[in-house]
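Residues per chain, in single letters:
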Amino acid sequence: MRHELKIDDRTLSYLDFGGTGRPLLALHGGMSEGGAFTGLAARLGDAWRVIAPDQRGHGDSDRAADYGREGYVSDAVALLDHLGLVAPVAVLGYSLGGLNAVHLAAAHPDRVSALIDVDATVEVAPADAAFGFLRGLPYTGATPDALIADVGPVAAQFVAQALRPLPGGGWRLPFHPQDMLDSISACRGDHWDAWLASDCPALLIHGTRSKALTQEVADAMVARRPGTSYTALEGDHFVPFTDPEGFDKAVAEFLTGL
């Protein structure tokens, strides 16, 4: 079920899939939204209560002035507080969400009981070429078909099923292109300190052909952080979507082991 809370003057929208099981905070990747974890929530069933926010600037959540780690992490803490989840919870994050989850565990170890990093590297290099399609994208359009046509085939794969109606008529993307460029830029750098700062049980799920997380860095992340297990899935960075069965199984097995 979809809910929302106010953080200052912004709305943060989130999905709470319910259930009486232990809470799992699930943080989606860039240009995505909390609904990406609908399949995982169904797979986990009543054993886990999956809570999946649309992170700032994504989906039904309002845009924000800042897209650095501190802002994303503060939103996650605000959501946990709003839900009354004072005891530590398991946290899963994919890509952008994975980096945010790592920093959440580092900054607030008392709030995180277990960490699942899904193909999020701790060495983020510039990726201007990969995300160049965002530059010049229209944010709004008169109709869904018109907006999809305007954004082109590359961007359409991220937005085709997620367009939002505007209150006064017309449609918008589920994110503002400039916000995504700002968010990507803010990810760049070395995040080893954050990765090594927490000591809760952790799982690294890795797409073996991922260009975002190399095998060398993945191996080092597992070797350097005690209590970290590793699951390799055949696929690229988008493996949670190209191999949802393998992804759901890996997550479920790790959580059961807790």
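These numbers were taken from a predicted model, which means no experiment stands behind them.

Across the sheet, eight strands lie side by side as β1-β2-β4-β3-β5-β6-β12-β13; this open sheet has mixed pairing. Of all strands in the sheet, those bounded by a partner on one side alone are β1 (2-7) and β13 (228-233). Looking at each pair of strands side by side, their axes are set apart by 20° on average, direction ignored. Inspection of the sheet shows strand β3 (residues 22-27) paired to strand β5 (residues 89-94) by four bridges, in the parallel sense.

Mapping S183 onto the fold places it in helix α5 (residues 177-187). With 117 residues separating them in the primary sequence, S183 and D66 have C-alpha atoms 8.1 Å apart. If near-sequence neighbours (up to four positions away) are discounted, S183 is found in contact with Y67, Y72 and L96.

What follows covers the pairing of β1. Taken together, the six bridges between β1 and strand β2 (residues 10-16) define a ladder with antiparallel strand orientation. Bridged to L5 within β2 is L12. As consecutive antiparallel partners, β1 and β2 are separated by two residues, and within that stretch D8 has a phi angle of approximately 60°, a positive value.

With that settled, consider the sheet that holds strand β9 (residues 164-165). An order of β8-β10-β9 is seen for the three strands of this open sheet, with the pairing classed as antiparallel. A single partner strand is all that each edge strand has here, and the edge strands are β8 (140-141) and β9. Examined bridge by bridge, β9 and strand β10 (residues 171-172) share two bridges and lie antiparallel to one another. Among the inter-strand pairings, R164 is bridged to a residue of β10, identified as R172.

Turning to the nonpolar core, a few remarks are in order. The nonpolar side chains of a soluble globular protein tend to be buried with one another. Within the largest apolar cluster, 33 residues are counted, with the highest numbers of intra-cluster contacts made by L25, L79, V91, L104, L115 and M221. Examining the composition of this core, we find that five residues originate from one element, helix α2 (residues 69-82), more than from any other. Counting 25 residues, the second largest nonpolar core, distinct from the first, contains V50, A52, I116 and F247.

Time to look at the environment of T121. Tracing the sequence through the fold places T121 in the loop between β6 (112-118) and β7 (123-124). Spatially, the C-alpha atoms of T121 and A36 are 20 Å apart, while their sequence positions differ by 85 residues. When residues no more than four places from it in sequence are discounted, the contact partners of T121 are L99, A212, L213, V217 and M221. At 3.1 Å, the side chain of T121 forms a polar contact with the backbone nitrogen of E123.

Before going further, it helps to examine helix α9 (residues 244-257). When the terminal C-alpha atoms of α9 are compared, their 20 Å separation across 14 residues agrees well with the 20 Å that a helix rising 1.5 Å per residue should span. Those residues of α9 that fall on the buried side of the exposure criterion are G246, F247, D248, A250, V251, A252, F254 and L255.

What counts and how
- Residues numbered from 1 in each chain as written.
- Predicted model: local features only at pLDDT ≥ 70, side-chain atom pairs only at ≥ 80, totals over all residues.
- Heavy atoms only, no water.
- Pairing = 2+ DSSP bridges.
- Helix = DSSP H or I, 4+ residues; strand = E, 2+ residues; numbered from the N terminus.
- Axes fitted to C-alpha atoms, helices over the stretch in contact; angles between N-to-C directions.
- Contact = heavy atoms within 4.5 Å.
- Core = buried A, V, L, I, M, F, W, Y, C linked by side-chain atoms within 4.5 Å.
- Buried < 20%, exposed > 50% of the residue type's maximum accessible area, 1.4 Å probe, protein only.
- Polar contact = N/O pair within 3.5 Å; in protein donor to acceptor, adjacent residues only side chain to side chain.
- Expected span 1.5 Å × (residues − 1).

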